[in-house]
Structure formats: C-alpha cells, structure tokens
Amino acid sequence: MLPLEGYLVIDFSQFLSGPSASLRLADLGARVIKIERPGTGDICRTLYTSNLVMNGVSSVFHAINRNKESFAADLKKAEDAELIRELLKKADVVMHNFRPGVMERLGFDHKSIKVINPNIIYAEISGYGSEGLFKGKPGQDLLLQSLTGLTWLTGNADDGPVPMGLSIIDMLAGAHLAQGILACLYRKAIKGEGSLVQVSMLESAYDFQFETITTFLNDGGVNPERTARSNANAYLGAPYGIYSTQNGYLALAMGSIPFLAKLLECEALSIYKDGAEAFEKRDEIKGVLADHLKTKPTTEWLKVLEAADIWCADVMDWNQLFEHDGFKVLGMVQKVTMNDGYSYDTLRCPIRIDGERMYSSKGSPKLGQDNEAIIKEFIGREDVYELGK
C-alpha cells in the first residue's frame, strides 16, 4: 500500500508547476482528479515545448499528467460549478496555480471552499505571490529566472545572462507545494485540521539560490563574477568546471592545483602553488588546464583522475547516458498506457518506499474521460453524465 492511498486530490492547476506537484502526490498513492475546461483542457495539451505531438497532445502533457483522472467542467456555469463543489466536499486536498484573484472570482477561493469542507488542505502556486509590484505578471519560468538573478550564475563571464535549459522554477515551485501539502496532511492526520499552503515561483527561485545569496548578503553586496571560461559556479575557484578533451568533455569539481599539476603531468600548472590562487587566478589556471586537457581523450584522463580519487566525470548526452549501465541499473524508464491503448515511455517516480521502486502503468487522461465514472461515484446523478463532452 502506497503512503497516500485513500487521499483525494482535486487539481485545478495547469501547465507545469501545479501538475508536477500533483504528479508526485499521485505517485505516492493519492487519487488525483484533474479539473479541465471543456473543449481545450489544460493549456499544456496544446502549448508545445517541443515539436513532438503524442496521441494528439504535447509530449510534456503526457509526461507531467500521467497517473491522473480528467474531469471536464466549465467553472463559469452554475451547474458545472455545483458538481465540482460536491467533489470538493469529499476531497482531502484542492490545488491550483491561477493568478491571484481568479479563484475568488470563480467562487473557489480558500474561504469559499473552507465553508463546505473545513478540514480541506487548500494549496496554491502563484507566480509572484499576492503582494508587490510583480503580482499581476505572468508566472512563466524564463521570466522568473530573469527577474531573480538566476541567469547571472550560468555561462561564462562574457556570455551575458544565460537561463537554465529546463523549466527549473516551475519544478521547484511544484516540489515546494508538494512538501507543504505533505506536511499539512500529516498535521491533518494528527489534529484533524485543514490548512492553506501557498507557494510563489518568485520565492522558490530565491530559495533555489539560498547558498549563493547568503554569500552575497555577507560579502558586502558584491555581485557574483563568473569565470571567463569553464564556469560552473561563480563562487568556486579552479578547477571547478567543464573542459574539452581530445574527443569529448570532462567535468572537474574541487581539487588541489599543485596535486593536479603533478597528477596530469602539466608543467605549466605547477607554478600555482598557493591555495588562494585557485580563486584569485582562476581564469589563468582554467586556461592552462583547458589547453592541457585537449591533448588526450576523456577516458585516459578519467583513468588517471579516478584512480587518485579526484572528483570528475564524463560529460554525457542523453544517447550516451541511456546506453550506460549506470543508468540502466536504476530502471528509471517505465511504459504507461492511456485508456485508448496508446502507450509511451517516461520516467518513474524517483522515490523508493521500503526499498521498492515506484512504478505506475497509468498514462495521461483524455480530456474529460472520467466524467461519467466520477459523477456516478461521488454525485450519483445520471442526468449529467454528458457534462464536459
């Protein structure tokens, strides 16, 4: 039995941040019913993040909405809204990621839902919270990365601001929301109390940088300076970074420069004997190291470095990674199947419970596919089975 079996989650959220949180709850055993607008559904169904369309909708929708049910309803229609309220009376958790004010206008804000279900856990993600000058802006990942200083940590000094290649703030906000919900489910189980859980992408983006911002706050407000080449952390000295080799790339973490000079037989590196130079002259040192590492293939360098217990790694693309035994042994890929028989490969939940990997064979839902079953189970009104079709 999974830890959250028996819990019911009603999820109004769309796109990435909220659905990533409900996906984790679903993988942990909760029953997640996704509320979608008839006709169009979650905007993520058609807002493509790649050129890959799978069974009529975007690949990212399939990835982030597997293991859920879909209930199509127009919240602006009184009859539809009333059915959703009936569901919410029986729910343990309700969640959304609309802009501030939207759920109030629809009548599904925290105060309104608490009236019909006092012990419910009401969880919401916003882009920027409900206060301040940013609150009405769209909560989109690239915009949040840009506004919060994150883009000045990636790339080399002359690159300008560089965003991460993932919707990292969406995923972090979703993880934070899931953490808050789980904490409140524990309190509910102990004390029988409901809760309001609020997460903003803005605050998640700041928290993501807690280590570097702490340094900034206690270092006289000096902006971080990226290295001119092989930058991987603006606050770490040489050799920290990724380097070209004769046939690929090599990642190097922290290490003694004098020891590396001897180990790699790099005479030009041996002049840097003072430990402080690893930061003060890191561009110089990285330049010398970069030229030297190009003289041999990655595998030869790894043999030398790993034997000496230096923190290093090959730099793989996904084709190389998926062929590697280190990936295969984890069994991360699972095949899931939709109600219409369409199957696709995706990743499993990364959490293990009692030593067991967590797999689920249930694919993403067709829009409104579960309306009839949900109405029959929770509401018992045969006259509205056609709702949302």
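Everything numeric in this text was worked out from a predicted model, so none of it was measured.

Definitions and limits used
Here the residue numbering is sequential within each chain, running from 1 through the sequence in written order. Restriction of local features to residues with pLDDT of at least 70 applies here, the model being predicted, together with a cutoff of 80 or more for giving and counting side-chain atom pairs; totals for whole chains, interfaces and linings are based on all residues. As a convention, hydrogens and water are excluded, and side-chain values are obtained from all of the structure's heavy atoms. Each helix is a run of DSSP H or I of at least 4 residues and each strand a run of E of at least 2, with the numbering of both proceeding from the N terminus. Under the scheme applied here, a residue whose accessible area is under 20% of the maximum for its type counts as buried, over 50% as exposed, and between as partly exposed, the area being computed with a 1.4 Å probe on protein chains only. Surface accessibility follows the Shrake-Rupley procedure with a 1.4 Å probe radius. Residue values consider only the protein chains on display as shielding. Expected span, for any helix, means 1.5 Å times one less than how many residues it has. The contact rule is simple, with two residues in contact once any of their heavy atoms fall within 4.5 Å. One bridge is not enough; two strands pair if DSSP finds at least two bridges between them. Working convention: axes come from line fits to C-alpha atoms, limited for helices to the stretch in contact. Angles between N-to-C directions cover 0 to 180 degrees. By nonpolar core we mean a set of buried residues, namely Ala, Val, Leu, Ile, Met, Phe, Trp, Tyr and Cys, connected to one another through side-chain atoms within 4.5 Å. Every angle not falling under 35 degrees, over 145, or within 65 to 115 is termed oblique; those three ranges are roughly parallel, roughly antiparallel and roughly perpendicular. Classes in brief: Ala, Val, Leu, Ile, Met, Phe, Trp, Tyr, Cys and Pro nonpolar; Asp, Glu, Lys and Arg charged; the others, Gly included, polar. Cavities and pockets are defined on a 1 Å grid built over the protein atoms alone: a cavity is a set of grid points where a 1.4 Å probe fits but cannot escape, while a pocket is an open set with protein on both sides within 12 Å along at least five of seven lines, and lining residues are those with an atom within 4 Å of any such point. Grid points are joined across faces, edges and corners, and a volume is the space filled by probe spheres set on the points. Just to be clear on terms, a salt bridge is a Lys or Arg side-chain nitrogen sitting within 4 Å of an Asp or Glu carboxyl oxygen. Surface patches are defined over residues having more than 30% relative accessible area and no salt bridge, joining like charges when they lie within 9 Å and nonpolar side chains (Val, Leu, Ile, Met, Phe, Trp, Tyr) when within 5 Å. As used here, the arc belongs to the directions running from the helix axis to the C-beta atoms.

**Student:** Whenever I open this one, the overall build of the chain confuses me. Can you help?
**Tutor:** When its secondary structure is counted, the chain shows 16 helices and 15 strands. Each of the three principal axes of the chain carries a C-alpha extent, and together these read 85 × 50 × 40 Å. Burial statistics for the chain: of 389 residues in total, 46% are counted as buried. As displayed, the chain has an accessible area near 20100 Å², and 54% of this comes from carbon and sulfur atoms.

**Student:** Just checking my understanding: could you explain helix 3 (residues 78-89) for this structure?
**Tutor:** One full turn of an α-helix is made of 3.6 residues, so residues set three or four places apart face in the same direction. Its 12 residues give helix 3 an end-to-end C-alpha distance of 17 Å, which sits within 8% of 16 Å, the value for a rise of 1.5 Å per residue. In this structure, the buried residues of helix 3 make contact with strand 1 (8-11), strand 2 (31-36), strand 5 (69-72), strand 6 (93-96), helix 5 (110-116) and helix 16 (371-378).

**Student:** Got a minute to help me understand the sheet that holds strand 10 (residues 249-252) in this structure?
**Tutor:** What links the strands of a sheet is backbone hydrogen bonding, and the strands pair in either a parallel or an antiparallel sense. Strand order in the open sheet made by the 3 strands is 9-10-11, with antiparallel pairing throughout. Edge positions in the sheet fall to strand 9 (241-244) and strand 11 (312-314), since each has one partner strand and no second. The sheet shows a mean angle of 25 degrees between the axes of neighbouring strands, taken without regard to direction. The sheet contact formed by strand 9 and strand 10 spans 4 bridges and is antiparallel. Looking at the pairing, isoleucine 242 lines up with alanine 251 of strand 10. Helix-sheet contacts for helix 12 (residues 282-293) involve strand 9 and strand 10, and the interaxial angle to strand 9 is about 40 degrees.

**Student:** Help me out: how do you make sense of the nonpolar core in this one?
**Tutor:** Across soluble globular proteins, you tend to see nonpolar side chains buried next to one another. Membership of the largest hydrophobic core comes to 34 residues, with the highest contact counts inside it found for Val9, Leu25, Met95, Ile169, Leu177 and Ile181. Among the elements of the structure, helix 1 (17-27), strand 6, strand 7 (121-126), helix 7 (168-191), strand 8 (195-200) and helix 8 (201-208) are those that each provide at least two residues to this core. Per element, the largest residue contribution to this core is 9 residues, and it comes from helix 7. Once residues lying within four places of it in the same chain are set aside, the contact partners of leucine 177 are Ala21, Met95, Ala123, Glu124, Ile125, Val197 and Val199. Counting residues in each nonpolar core, the second largest holds 27 residues, with Leu8, Leu83, Val102 and Ile113 among its members.

**Student:** How should I be thinking about the packing of helix 7 against helix 8 in this particular structure?
**Tutor:** One way to put it is that helix 7 packs onto helix 8 with a least axis distance of 9 Å and a crossing angle of 100 degrees. Between helix 7 and helix 8, the angle is such that the two are roughly perpendicular. Every residue of helix 8 that contacts helix 7 at Ile168, Ile169, Asp170, Leu172, Ala173 and His176 is listed here: Met201, Ser204, Ala205, Asp207 and Phe208. Grouping the amino acids of the contact of helix 7 with helix 8 by side-chain chemistry returns 7 nonpolar, 2 polar and 2 charged.

**Student:** What exactly am I supposed to notice about the pairing of strand 14 (residues 349-353) here?
**Tutor:** It is a general feature of regular strands that their side chains alternate between the two faces of the sheet. Inspection of the sheet shows strand 14 paired to strand 15 (residues 356-358) by 3 bridges, in the antiparallel sense. By the bridge assignment for strand 15, isoleucine 353 is matched with glutamate 356. What sits between strand 14 and strand 15 in their antiparallel hairpin is a turn of 2 residues, with aspartate 354 showing a positive phi close to 55 degrees.

**Student:** In this structure, what is going on with the layout of surface pockets? I would like to understand it.
**Tutor:** Left-over empty space is what a probe sized like a water molecule reveals as it rolls over the atoms. Here the largest pocket is characterised by a volume of approximately 1300 Å³. Mapped by element, the contributors of at least two residues to the lining of the largest pocket are helix 1, helix 2 (59-64), helix 7, helix 14 (318-323) and strand 13 (343-347). Tallied by class, the residues present in the lining of the largest pocket amount to 21 nonpolar, 9 polar and 4 charged.

**Student:** Just checking my understanding: could you explain the pattern of salt bridges for this structure?
**Tutor:** Two side chains that carry opposite charge are able to pair once their charged atoms sit near each other. Under the counting rule described, the total for this entry stands at 13 salt bridges. The partner of glutamate 36 in a salt bridge is arginine 45, with the nearest N and O atoms 2.8 Å apart. Grouping residues by exposure puts glutamate 36 and arginine 45 together as buried. Among the salt bridges present, the one from glutamate 323 reaches lysine 328, with a minimum N-O distance of 3.8 Å. On the basis of relative accessibility, which here comes to 58%, the residue glutamate 323 falls in the exposed class. Among the charged side chains, a salt-bridge network with shared partners connects Arg24, Asp27 and Arg66.

**Student:** Before we go on, may I ask you to explain the sheet that holds strand 2 in this structure?
**Tutor:** The strand order across the open sheet formed by 6 strands is 5-2-1-6-7-8, and the pairing between neighbours is parallel. The strands lining the two open edges of the sheet, one partner per strand, are strand 5 and strand 8. Averaged over all pairs of adjacent strands, the angle between their axes in this sheet comes to 20 degrees, without regard to strand direction. The pairing of strand 1 with strand 6 spans 3 bridges and is parallel. From the neighbouring strand, aspartate 11 faces strand 6, where its bridge partner is methionine 95. Each of strand 1, strand 2, strand 5 and strand 6 touches helix 3; the most contacted strand, strand 1, lies at about 150 degrees to it. Sheet strands touched by helix 8: strand 7 and strand 8. Its angle to strand 8, the strand with the most contacts, is close to 65 degrees.

**Student:** For this particular structure, what's the right way to read a nonpolar patch on the surface?
**Tutor:** Together, Trp318, Phe322, Val333 and Leu347 make up a nonpolar patch on the protein surface, roughly 440 Å² of accessible area in all. By secondary structure assignment, the location of phenylalanine 322 is in helix 14.

**Student:** Is there a simple way to think about helix 8 in this case?
**Tutor:** All of the buried residues along helix 8 are Met201, Leu202, Ser204 and Ala205. Angularly, the buried residues of helix 8 cover 165 degrees about the axis, an arc narrow enough to put them on a single face.

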